[in-house]
Amino acid sequence: MKHQNRPTRRIMIGGVAGAAAFSLLLVGCAPQSGGEGEGDVQEISYWLWDSNQQPAYQQCADAFAEDSGISVNIEQFGWADYWQGLTTGFASGSAPDVFTNHLSYYPEFVSQGQLLGISDLIEEDGVDLSLYQDGLADLWQDQEGERYGLPKDFDTVALFYNEQMATDAGVTPEQLADLEWNPEDGGTFEEALAAMTVDANGVRGNEAGFDKSNVAVYGLALSGNGLNASGQQTWAPYALSNDWYFGDKTPWTTEFNFGEPEFADTLAWYSSLQDKGYMPSVDIALSEQDPLNGYLAGRYAVVSDGSWMNGSYLGQDDVATKVAPTPVGPSGERATVFNGLSDGIWSGTKNPDAAWEWVKYLGSADCQDVIAESAVVFPAIKTSTEKATTAFAEKGWDISGFTVQVDEGTTQLLPIADNWSTVNDTMTAAIESYLQGNGDAASLAAANDEVNALFQ
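Read on for an overview of the structure. (Residues numbered from 1 in each chain as written. Predicted model: local features only at pLDDT ≥ 70, side-chain atom pairs only at ≥ 80, totals over all residues. Heavy atoms only, no water.)

**Here's the deal with the state of the cysteines**
Scanning the entire structure with this criterion turns up one disulfide. Between the sulfur atoms of Cys60 and its disulfide mate Cys367 the distance is 2.3 Å. Note on the Cys60 and Cys367 pair: the S-S dihedral is about 100 degrees, so by sign convention the disulfide is right-handed. Here Cys60 is found in helix 1 (residues 54-68), whereas its partner Cys367 is found in helix 14 (residues 365-374), with 307 residues between them in sequence. Cys367 matches Cys60 in its accessibility class, with the two residues each being buried. (Disulfide = S-S within 2.5 Å. Helix = DSSP H or I, 4+ residues; strand = E, 2+ residues; numbered from the N terminus. Buried < 20%, exposed > 50% of the residue type's maximum accessible area, 1.4 Å probe, protein only.)

**Re helix 15 (residues 382-394)**
Across its 13 residues, helix 15 extends 19 Å between first and last C-alpha, which sits within 8% of the 18 Å expected from 1.5 Å per residue. All buried positions along helix 15 are accounted for by Ser384, Thr385, Ala388, Ala391 and Phe392. Down the axis of helix 15, the buried side of the element spans an arc of 115 degrees, and every buried residue falls inside it. For helix 15, the exposed residues set more than 90 degrees away from the buried face come down to Glu386 and Glu394. Lining the buried residues of helix 15 we find strand 4 (150-155), helix 12 (310-314), helix 14 and strand 11 (378-379). Looking one or two places after helix 15, you find Gly396, whose phi comes out positive at around 85 degrees. (Expected span 1.5 Å × (residues − 1). Arc of directions from axis to C-beta. Contact = heavy atoms within 4.5 Å.)

**As for a negative patch on the surface**
Together, Asp178, Glu180, Glu184, Asp185, Glu191 and Asp265 give the surface a local cluster of negative charge. Residue placement: Glu180 occurs in the loop between helix 6 (173-176) and helix 7 (187-196). A relative accessible area of 30% means that Glu180 is categorised as partly exposed. (Patch = residues over 30% accessible without salt bridge, like charges linked within 9 Å, V, L, I, M, F, W, Y side chains within 5 Å. Areas by Shrake-Rupley, 256 points an atom, 1.4 Å probe, with all protein chains shown as cover. Salt bridge = Lys/Arg side-chain N within 4 Å of Asp/Glu carboxyl O. Lys, Arg positive; Asp, Glu negative; His and termini not counted. Charge placed at Lys NZ, Arg CZ, Asp CG, Glu CD.)

**Some points on the sheet that holds strand 6 (residues 198-199)**
Strand order across the open sheet formed by five strands is 6-7-8-5-9, with mixed pairing between neighbours. Of all the strands in the sheet, the pair left with one neighbour each is strand 6 and strand 9 (321-324). Packing of helix 7 onto the sheet brings it into contact with strand 5 (157-162), strand 6, strand 7 (215-220) and strand 8 (300-306), and relative to strand 7 it is tilted by some 160 degrees. (Pairing = 2+ DSSP bridges. Axes fitted to C-alpha atoms, helices over the stretch in contact; angles between N-to-C directions.)

**As for the packing of aromatic side chains**
Summed over all chains, the structure comprises 51 aromatic pairs. When the centroid spacing of 6.1 Å and the interplanar angle of 35 degrees are considered together, the rings of Trp83 and Phe109 count as tilted. Of this pair, Trp83 sits in helix 2 (residues 79-92) while Phe109 sits in helix 3 (residues 106-111); the two residues are 26 residues apart in sequence, bridging distant segments of the chain. Each member of the pair, Trp83 together with Phe109, is buried. Through a chain of ring-to-ring contacts, three or more aromatic side chains come together here, namely Trp47, Trp49, Phe77, Trp79, Tyr82, Trp83, Phe90, Phe99, Tyr105 and Phe109. (Phe/Tyr/Trp six-rings, centres within 6.5 Å; stacked < 30°, edge-to-face > 60°.)

**Brief notes about the side chain of Asp369**
Relative to the elements of secondary structure, Asp369 occurs in helix 14. With sequence-adjacent residues up to four places away left out, Asp369 is seen in contact with Ser384 and Lys387.

**Examining the packing of helix 17 (residues 420-435) against helix 18 (residues 441-452)**
Where helix 17 contacts helix 18, the axes come no closer than 9 Å and their chain directions differ by 175 degrees. Between helix 17 and helix 18, the angle falls in the class roughly antiparallel. When helix 17 is examined against helix 18, the residues Val423, Thr426, Met427, Ala430, Ile431 and Tyr434 are found in contact with a partner set consisting of Ala441, Leu444, Ala447, Asn448, Glu450 and Val451. Residue composition of the contact of helix 17 with helix 18, grouped by class: nine nonpolar, two polar and one charged. (Parallel < 35°, antiparallel > 145°, perpendicular 65-115°, else oblique. Nonpolar A, V, L, I, M, F, W, Y, C, P; charged D, E, K, R; others polar.)

**Quick word on the pattern of salt bridges**
Scanning all chains against the criterion turns up eight salt bridges. Across the pair Asp134 and Lys382 runs a salt bridge, and its minimum N-O distance is 3.1 Å. On the criterion of sequence distance, the pair formed by Asp134 in the loop between helix 4 (119-124) and strand 4 and Lys382 in helix 15 is long-range, its members being 248 residues apart. For Lys382, a relative accessible area of 31% translates into the label partly exposed. With its nearest N and O atoms 3.5 Å apart, the salt bridge here joins Lys360 to Glu357. In this pair, Lys360 and Glu357 are both assigned in helix 13 (residues 352-362), three residues apart and thus about one turn of the helix distant. The exposure classification of Lys360 matches that of Glu357, with both residues buried.

**Some words on helix 17**
Along its 16 residues, helix 17 runs 22 Å from first to last C-alpha, staying within 8% of the 22 Å computed at 1.5 Å per residue. When we look at burial in helix 17, the residues that qualify are Trp420, Val423, Thr426, Met427, Thr428, Ala430, Ile431, Glu432, Tyr434 and Leu435. Of the surrounding elements, those touching the buried residues of helix 17 are helix 3, helix 9 (261-275), helix 10 (282-288) and helix 18. Backbone geometry just downstream of helix 17 places Gly437 in the positive-phi region, at approximately 85 degrees.

**A word on the environment of Gly363**
Relative to the helices and strands, Gly363 resides in the loop between helix 13 and helix 14. Linking Gly363 and Gln232, residues 131 residues apart in sequence, is a C-alpha distance of 25 Å. Beyond its immediate sequence surroundings of up to four residues, Gly363 is in contact with Tyr132, Pro151, Gln368 and Ile381.

Interpretation note: all reported values are geometric properties and have no functional meaning in isolation.
And the structure:
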């Protein structure tokens, strides 16, 4: 694809920008792009938050620049600074032309008018949306069907486990690949966790004399990062496999189901793992946030985490680590949240044509194959996903625990809704309180009523 100057296209803009400004050093750090009225300067800015992916995207940017004549200035920030910087940039007029977007933030960006609609461009340039994993392309559209991004990658959740700890507990890889759970007794999944839990005296959780008040190795870690209304790394795989879903539909959920008995039953069982000593307390989880360091230090035998963490768990040499899929639930199927990212164009860009060409390139196999070869994440294009799986295998990593549910079609999409920040804050507080022993099914239902009132 050689770049050709062409007339500026009419691109749909959502609503009126409403982000409030606040002080941050990131203001002004994104270079302003030249538009066609400013000497046809072909340079755009692009932001992402994952340092592990930056080298591969720089490869894409270099190839794109050579082919198109458009230079891409890539900047990477930590997670918190990234979103604060975007908010400030929107308000001050210094946001990047193109940025990596997340489903948790996407609805508010649409309602604020911060994203350019690209449906006409997709149709005009013949972008084939069927190339992407099923369901991903449809996540990035509003209630009227206007699209605001092309899928870049996806993630699922599985179980990273300490191979030696599993062996010492008598739990085989075959058993770990075929676990099941239920809210009554936890099934074979809880049995495996109990066997891998060890107290300070060397007594296992399934042995007489186990001291749950003095645990040296917990069978299952609890991620403080995952204690929220999506529960992606914590409770969601179990609730979703217990015939429950977040709400009435997605995208654009308008009625949530956190008051349903299946959700309360799941949380009651999940909380019981703390009480039995098989999983650390919420307070421990919140204090450490990410369980990776605890896992590497030998405090956890199993960690439920996302595929974006493959490099952190499988790429280190201190702990021999394998991957197992999430357990089968009462529904008869496994479950995992199916999340995806996209690349969006800021509505304030001074060079929308160049920004679109970059977004289109990011969403193409030319770039996503490069991402696949880096073996960091799963690209959104189906054929690129296959290449990523091969690249992981060449590293000696069996990541089938993350892909089995994509193959089986048992993934569940995150809820996408207006007012998500309020929904998340309300339900996160209720879920944390429940898991800390300060809530019950009635308190979950009350919180659910509160969030549903936002849509009435």
